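These are the residues of each chain, in order.
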Amino acid sequence: MTSSASAWGNSIPGIGTFFVGIDVAPGRYRCEEGKGGWWVRFTGPGGGQPVGSWPLPAGPTEIEIAPTDFAFETHIGTYWRLIGPAPEPGRGTSATELRPVADPSLRAELDVIVERQRPLAWMAPVTVLGFGVIGSPLLGELWLLALAMLAIMVALGTPSLSLDLRRARELERRRDRFLMPEDLDDEGRELLARVQTAITTVQESEVNQEGLLDTVDNAVTLPRQEWEIAQVLAKQAKLRAEQAEFTETASLPEVEAALRPLRDKLLLSVEAVTRRVEALERYADRTRAADEALQAHRHLEAIAERAHEYDELLADTVRDELAIPSIERLTEQGDELVRTLRTRLAEAAAAGGLAEGGDELPPAK
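All values reported here derive from a predicted model rather than from experimental measurement.

**Re the overall build of the protein**
- Looking only at helices and strands, the protein features six helices and eight strands.
- Beginning at the N terminus, the succession of helices and strands in the protein can be written as β-β-β-β-β-β-β-α-α-β-α-α-α-α.
- Burial statistics for the protein: of 365 residues in total, 35% are counted as buried.
- By sequence separation, contacts in the protein at least 24 residues apart represent 73% of the contacts at least 6 residues apart.

**Things to note about the packing of aromatic side chains**
- Tallied over the full model, the rule gives three aromatic pairs.
- Centroid distance Phe-19 to Phe-70: 5.0 Å. Interplanar angle 85°. Geometry classified as edge-to-face. Of this pair, Phe-19 sits in strand 1 (residues 11-19) while Phe-70 sits in the loop between strand 5 (61-65) and strand 6 (71-82); the two residues are 51 residues apart in sequence, bridging distant segments of the chain. Both residues of the pair, Phe-19 and Phe-70, count as buried.

**Points about the pattern of salt bridges**
- Under the criterion given, the structure shown has 16 salt bridges.
- Note that Arg-194 and Glu-281 form a salt bridge whose closest N and O atoms lie 2.8 Å from each other. Of the two residues, Arg-194 is situated in helix 3 (residues 186-203) and Glu-281 in helix 6 (residues 253-351); the sequence distance between them amounts to 87 residues.
- Judged by its relative accessible area of 28%, Arg-194 falls in the partly exposed class.
- Take Glu-281: its relative accessible area is 22%, and that puts it in the partly exposed class.
- Close ionic contact of Glu-206 with Arg-298 constitutes a salt bridge, the shortest N to O distance being 2.5 Å. With Glu-206 in helix 4 (residues 206-209) and Arg-298 in helix 6, this residue pair connects regions lying 92 residues apart in the sequence.

**Examining the side chain of Asp-103**
- Its place among the elements puts Asp-103 in the loop between strand 7 (101-102) and helix 1 (106-139).
- Judged by relative accessible area, Asp-103 falls into the buried class, the value being 10%.
- Looking at Asp-103, its side chain comes within polar contact range of the side chain of Arg-224, at 3.4 Å.
- Those residues in contact with Asp-103 that lie beyond four places of it in its chain are Arg-177, Arg-224 and Trp-227.

**What to know about the confidence of the model for the protein**
- With 68% of its residues at a pLDDT of 70 or more, the protein shows a mean pLDDT of 74.
- Every residue in residues 116-126 is under pLDDT 50, and counting partners more than four places away or in other chains gives 13 contacts.
- Below pLDDT 50 for its whole length, residues 153-161 participates in 17 contacts with residues either more than four positions away or in separate chains.

Procedures and definitions
- Residues numbered from 1 in each chain as written.
- Predicted model: local features only at pLDDT ≥ 70, side-chain atom pairs only at ≥ 80, totals over all residues.
- Heavy atoms only, no water.
- Helix = DSSP H or I, 4+ residues; strand = E, 2+ residues; numbered from the N terminus.
- Buried < 20%, exposed > 50% of the residue type's maximum accessible area, 1.4 Å probe, protein only.
- Contact = heavy atoms within 4.5 Å.
- Phe/Tyr/Trp six-rings, centres within 6.5 Å; stacked < 30°, edge-to-face > 60°.
- Salt bridge = Lys/Arg side-chain N within 4 Å of Asp/Glu carboxyl O.
- Polar contact = N/O pair within 3.5 Å; in protein donor to acceptor, adjacent residues only side chain to side chain.
- pLDDT = per-residue confidence, 0-100.

Here it is, written out as structure tokens:
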């Protein structure tokens, strides 16, 4: 299958088939122009119940990809954009909150099968028209017209319907290449939820999306880790169920003694896979810490960009301090001018006789 942008981007390419929860996140998507295209959601156990729409009308089209969908196939000329938030993974251990897990190599294998059949699908309407041309001299023009209409219907339906049904059949034939949440018991689902939460944390981290981590290695290694862990969890669930049946049907001491070493081995396996899950969680924790460090780094860069404003402010403050003596000198000059004016005013008043018998002028300060 064609892989989408790393870390569950906010869009889905217009052409391809994508595992839900692995290639694309569940949620509500919209394409602005889907005219003549089609889409298929592979619902039901293992994607064996496809539902779709074709041909799409002109203009925008919206779809809802459910968390329980197995895969999503699309064939439009544009792309799908996420417009509704996807449910947060790992909130519980129920089957409806977990995504299917598939062998990473299954994606490309299914696309090769479908591409190999695509020319045959497009040959169907040509074959119908060929029969019409051959039979028209004998059966008349109405026969040719009827087969022409049939060819149009086949052309619209065959490339999508036949390929969708074939992919669904191929998925069912490869049932051992993917696991559904229902294949695990409660203990296995709880561990798988932790795995998927850790992987989602890494894939959706800023440091991963910006290429600061080894995104290529994450795109290859994390799905492989998830698939291998899920396989172990499925085997453990099966063995736990068998042990429970033995315990219920036979309570003899001999049976209990025979089961004890088997339980010990199963416990060792659970402890080993739990350590593997914890290693993924530590990686997710480091990634989360790296995100926090990246955000702090960006804050520091923003502060550094504004530092010059503070320097300018400080320089202005220094200029204020240097300007004070100059202002004080101006003040002294103003006081001297006032004293001079008062002296001259008193002299002028004395010269005019105003000081005799009149009010005295206030002394100059």
